[in-house]
Amino acid sequence: MSKFLDVKNLSVKFNTEDGVVHAVDNLSFSVERGKTLGIVGESGSGKSVTSLAIMGLHKGSRAEVTGEIWLDGQEINQLAEKDIRKLRGKKMAMIFQDALAALHPYYTVGNQIAEAYQVHNKVSKTEAKKHAIEMLDRVGIPEPQKRADDYPHQFSGGMRQRAMIAMSLSCDPTLLIADEPTTALDVTVQAQILELLRDLQKEFGTSIILITHDLGVVAETADDVLLMYAGKAVEYGNVRDVLKNPQHPYAWGLLTSIPRLTGDPDKKLAAIPGIPPSLISVPSGCAFHPRCSYVSTVGAACSATIPDLLLVTNTAHHLVRCHLDVKNREDIFKNQVVPKL
Amino acid sequence: MLSYIARRITSGVLVLFIVSAVVFSIFYILPADPARLACGKSCTPELMERIRHAMEIDQPLATQYGRFVKGVFVGRTYNAGTEVQLDCAAPCLGYSYQTDLPVTSLIKDRLPATLSIAVGASLLWLLVGLSGGILSALKRGTLIDRGSQAFALAGASLQIYFVGLILQFIFVNKLEWLPMPGYVSPFEMPFEWAKEMVLPWVTLAFLLSAIYSRLTRSGMIEVMSEDYIRTARAKGLSARQINFKHVLRSAITPIVTVFGLDLGALLGGAVITEYVFNIPGLGKLATEAVANVDMPVITGTVLLAAIFIITANMIVDIIYSFLDPKVRLK
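Small disclaimer: the values here were computed from a predicted structure and weren't measured. (Residues numbered from 1 in each chain as written. Chains lettered and ligands numbered in written order. Predicted model: local features only at pLDDT ≥ 70, side-chain atom pairs only at ≥ 80, totals over all residues.)

Trainee: Which residues make up the overall build of chain B, and what values do they have?
Mentor: Summing up its helical and strand segments, chain B has 13 helices and two strands in all. Projected onto the principal axes, the alpha-carbon positions of chain B cover approximately 85 × 60 × 40 Å. By the burial criterion, 36% of the 330 residues in chain B qualify as buried. Taking as baseline every contact in chain B between residues at least 6 positions apart, the subset at least 24 positions apart corresponds to 67%. (Helix = DSSP H or I, 4+ residues; strand = E, 2+ residues; numbered from the N terminus. Buried ≥ 20, exposed ≤ 12 C-beta atoms within 10 Å, placed from the backbone. Contact = placed C-beta atoms within 7 Å.)

Shown next, in the form of structure tokens:
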């Protein structure tokens, strides 16, 4: 499998009045054709900033984007706005979290989908409209002919997200970035949307980056998972490896904080102590150390040096950024954490 | 839609009734006596009584108001049965105490001048205000933006009588590029009409385009940070398509509302502008009538202004329902 999207040493900095915000720091990952990468992290961990950087949507803002982004053999981070514009919507498309806010309130849904198609295809208005109706039909909107003339506010939440997906897929993009596509939806609709994405991926062979803070969604949908904390990758690998055999204390924390139907209902839910750090003053050393329960096991290194992202022994592709040594990690994981997803 | 318009017209008419009743009552309780003003120096109590009777202000307020309303809808007859009987056809607003001319014909005389000022100025301020605001929003933070906003601030702070007189001094008295402002019929002398109207247009537009420029700028900047503009960029649309279709479409909607109301208010009489440039419009007619306690003229002009504003409001609401699908009428 070829690396369809290959991100190397991506950093995104924002110069603000309060200081430089390192929203994404030296991030590398790749997605293969037809596969799904889940990017997981708390709010402010740099997930959305990463996706906007891939789309080139930081251009024209105050953000400073460095590193390489290779899409299908082409470096796109250095492209001028007018060149990357031709890739947006056509080769790579994006689905946003809040579909009501992300759709123009004054244009019909059909019109907005047709517009996305017309940008990259020389077709008449009628043809574009026809295509829009086909797309609505494809994402499972009943009576697409009629609903195409509705405005976003006349759609339900799930329908809006479907319309959003129809719009982003209208030019058959090979890379689809879904930024928390199901966060604003209730659980049954969430399941439908994820299934729809999976079906469409099978049909079109699209590579998907799924941004979420829901490990359940990742377990169900993703092939690989990238765990982010304070703008850095802390754990990265095959979804089965990472979820079955997580290596980073932050991953343990996330897994044990998931409520379970089988658990003791009177037991308090485990929580990661503290709050995510401000990206202006990221803690020294390992950014997670002020919230980590195992600093005493390691010692001074945690607050002194940033751990490298290293391959976990006996794995092909499972990286972790932690000062704990292999033996300690195994010990703690087996005896203290024991999370199951 | 039709039933909505019918409802709006009904409520508009109701408002007009209230406005006219209020105007009537206010002048009834005012200390000024129009009969005393009409009576002149050698006034006797008998003469005074005859004038009061001829003016019908010896009647109770309700009767006067009733006759006025009847006059508007079916016409009325003054001094019935005497040799000076006057038939006033509907819509009869009475006769001016000052000039004895029918109020409707006074209004008919003055309306074209006000209409000329309002329509010309509004087109100009829309053009200047919108383009200035759009330019400012697109070039935010640059010299163009700052210059345009300084211009807008000047326009919003300076008064018509100040700007108007200065412009008149420069262009009419000193440079002699323009004739003295005034009003001639655009159908008879279109070129003169435009030349005489230029200063009132520019002066009014200077003031109002400032407001429109600021509204457009802030509206566009606000819309630019909306999620759906990010979506438009993610679709691969060009900056031009985004700014002139997606951004402007949202930013222009509230401006339509303000424009309708401004235009409506202006049609009722551009009082200061008409005074500064000595143009015989409705505003001037109304203020002269107030100075002379010319009751029928006051009532007529106030009612007309109310009609303009109510109609403008209604048109704005109907247009708005087309612009914003969320308020679209079933």
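Trainee: I'd like a description of helix α11 (residues 249–256) of chain A, backed by residues and values.
Mentor: Most of α11 of chain A sits out of view: six of its eight residues are buried. Within the span of α11 of chain A, buried status applies to P249, Y250, A251, W252, G253 and L254 of chain A.

Trainee: Describe the domain arrangement of chain B, and please don't skip the residues or the numbers.
Mentor: Residue and element names in this part refer to chain B. Per the domain assignment, the segments making up chain B are domain 1 (2–88) and domain 2 (103–323). Here the C-alpha centre of domain 2 lies 34 Å away from the C-alpha centre of domain 1. In this assembly, 13 residues from domain 1 lie in contact with 12 residues from domain 2. For the side of domain 1 that touches domain 2, the secondary structure elements donating two or more residues are α1 (2–29) and α2 (34–39). A breakdown of the residues in the side of domain 1 that touches domain 2 according to their chemical character gives 10 nonpolar, two polar and one charged. (Domains from an automatic or database assignment. Nonpolar A, V, L, I, M, F, W, Y, C, P; charged D, E, K, R; others polar.)

Trainee: Describe the pairing of strand β9 (residues 224–229) of chain A, naming the residues involved and giving the relevant values.
Mentor: Residues and elements named next belong to chain A. Counting buried residues in β9 gives six out of six residues, a clear majority hidden from the surface. Burial of the side chains of β9 extends over both faces: D224, L226 and M228 are buried on one face and V225, L227 and Y229 on the other. One ladder, built from six bridges, connects β9 with strand β10 (residues 232–238); its direction is antiparallel. Pairing of D224 across the sheet is with N238, part of β10. Connecting the antiparallel pair β9 and β10 is a turn made up of two residues, with A230 showing a positive phi of about 50°. (Pairing = 2+ DSSP bridges.)

Trainee: Can you tell me about the interface of chain B and chain A, naming the residues and giving the values?
Mentor: Often, the extent of an interface is quoted as the loss of accessible area on bringing the components together. At the junction of the two partners, chain B supplies 16 residues and chain A supplies 23 residues. Contributing elements (two or more residues each) for the side of chain B that touches chain A: α9 (227–234) and α10 (239–267) of chain B. Here the side of chain B that touches chain A takes six residues from α9 of chain B, the largest share from any one element. Broken down by class, the residue content of the side of chain B that touches chain A amounts to four nonpolar, five polar and seven charged.

Trainee: Kindly report on the packing of α10 of chain B against helix α13 (residues 295–323) of chain B, identifying the contributing residues and their values.
Mentor: Residues and elements named next belong to chain B. The geometry of α10 relative to α13 is characterised by a closest axis approach of 8 Å and an angle of 165° between their N-to-C directions. By the angle class used here, α10 and α13 are roughly antiparallel. Considering how the two elements wind past one another, α10 and α13 form a crossing that is right-handed. Facing T253, V256, T257, G260, L261, L263, G264, A265 and L267 of α10, the residues of α13 in contact are F308, I309, T311, A312, N313, I315, V316, I319, Y320 and L323. Per-class residue counts for the contact of α10 with α13 are 13 nonpolar, six polar and no charged. (Axes fitted to C-alpha atoms, helices over the stretch in contact; angles between N-to-C directions. Parallel < 35°, antiparallel > 145°, perpendicular 65-115°, else oblique. Left-handed = near helix turned anticlockwise from the far one by under 90°.)

Trainee: Break down the environment of Q85 of chain B for me, citing the residues and quoting the values.
Mentor: All names here are of chain B. Tracing the backbone through its elements, the reader meets Q85 in the loop between β1 (76–78) and β2 (86–88). Exposure remark for Q85: the 10 C-beta atoms within 10 Å place this residue in the exposed category. Each C-alpha atom, one on Q85 and one on G182, is 37 Å from the other, the two residues being 97 residues apart in sequence.

Trainee: Give a detailed account of the nonpolar core, specifying residues and quantitative values.
Mentor: The biggest cluster of nonpolar side chains holds 101 residues, and the ones touching the most others in it are I113, L136, A163 and L227 of chain A. Setting aside residues no more than four positions away along its own chain, I113 of chain A makes contact with A132, M135, L136, A163, A166, M167 and S170 of chain A. In this structure, V202, L263, F277 and I309 of chain B belong to the second largest nonpolar core, which totals 66 residues. (Core = buried A, V, L, I, M, F, W, Y, C linked by C-beta atoms within 7 Å.)

Trainee: Kindly report on the environment of G34 of chain A, identifying the contributing residues and their values.
Mentor: All names here are of chain A. Mapped onto the elements, G34 comes out in the loop between β2 (19–32) and β3 (36–40). Overall, G34 belongs to the partly exposed group, with 16 C-beta atoms counted inside 10 Å. The sequence separation of G34 and A270 amounts to 236 residues, and the corresponding C-alpha distance is 36 Å. Setting aside anything within four residues of it in sequence, one finds G34 in contact with Q201, G205, T206 and S207.

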